[in-house]
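So the chains spell out like this:
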Amino acid sequence: MFFSILKNKKPLGKKGQAELSETLLVLLIIVFLIVAGIFVYYMFFYRSLGNIGTEKDDINNLVLLNSFASSPEAKCENEDCIDVAKLFGFKDLAEDNKEYYAGRFGRKKIIIETAYPEIKEELKKVECTSDKFQQADFPNNCGFIIAYDNLDTGTAASISLPVSLFYSSSNEYRIGVLRIQYES
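An account of the accompanying structure is given in this report. If you're wondering where the values come from, they're calculated on a predicted model, not measured in any experiment. (Residues numbered from 1 in each chain as written. Predicted model: local features only at pLDDT ≥ 70, side-chain atom pairs only at ≥ 80, totals over all residues. Heavy atoms only, no water.)

**Section: the nonpolar core**
Within soluble globular proteins, side chains that are nonpolar tend to cluster in buried spots. Going by this rule: By nonpolar core is meant a set of buried Ala, Val, Leu, Ile, Met, Phe, Trp, Tyr and Cys residues that side-chain atoms within 4.5 Å join together. Three labels apply to residues, based on accessible area from a 1.4 Å probe with only protein chains included: buried if under 20% of the type maximum, exposed if over 50%, partly exposed otherwise in between. Strands here mean DSSP runs of E at least two residues long; helices mean DSSP runs of H or I at least four residues long; both are numbered from the N terminus. In what follows, a contact means two residues having at least one pair of non-hydrogen atoms within 4.5 Å.
By size, the foremost hydrophobic cluster in this structure holds 28 residues, and its most contacted members are Phe 68, Ile 110 and Leu 178. Listed by contribution, the elements that provide at least two residues to this core are α2 (14–69), α3 (84–96), α4 (98–105), β2 (108–116), β3 (144–149), β4 (156–167) and β5 (172–183). The element best represented in this core is α3, accounting for five residues. Residues in contact with Ile 110, not counting those within four places in the same chain, are Phe 68, Phe 105, Ile 145, Ile 146, Ala 147, Tyr 148, Leu 178, Arg 179 and Ile 180.

Okay, structure coming up:
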């Protein structure tokens, strides 16, 4: 029966061919728009997934900043500040217990910089060490302390937080910046 219909089918006229061409062209445009829409949606979705990972890393680093500033290894006894004398002890402790602190902080570098009162420009690039801590002109003889370093050299992003620094040797407070560098 199907073959008998095909045998009796008359060829399309010019008007029928034009209508068929128009229909196929409209269907082709609709399919193209649907495919383009799916592609654009996928690209936005893919970018939003990438941003979620970046946002998660930023939040984790902010939590790490706050937890380090309030950890007993760095925090002042009764106040909300960082005790600089404790940082030297923490640095030695972190070197002795690398596995524990690597699990706690990961591949990061924790730097505490003096921000105010300002010090000489050449001293901003000098690291504070235990030897400098013992000198009479401390804290005016160096600009920063690397409290923890488990980061390879290379490109690193950083996040920072202003903190109050307590210098017990001179019984004074200064303003500093707690900076965490991490692999980007």
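**What to know about the state of the cysteines**
Here is the rule we go by: Note on terminology: pairs of cysteine sulfur atoms within 2.5 Å are recorded as disulfides.
By the definition in use, this model includes two disulfides. Between Cys 76 and Cys 81 runs a disulfide, and the two sulfur atoms are separated by 1.9 Å. On the sign convention where negative means left-handed, the S-S torsion of about -120° between Cys 76 and Cys 81 marks this disulfide as left-handed. The same class applies to Cys 76 as to Cys 81, namely buried. One disulfide in the model links Cys 128 with Cys 142; its S-S distance is 1.9 Å.

**A look at the pairing of β2**
Definition in use: A pair of strands is labelled paired if DSSP reports no fewer than 2 bridges between them.
Bridge count between β2 and β5: eight bridges; the pairing is antiparallel. Note on β5: the bridge partner recorded for Thr 114 is Gly 176. Relative to β3, β2 runs antiparallel, the two sharing five bridges. Paired with Ile 111 across the strands is Ile 146, a residue of β3.

So yeah, pure geometry; function would need other evidence.
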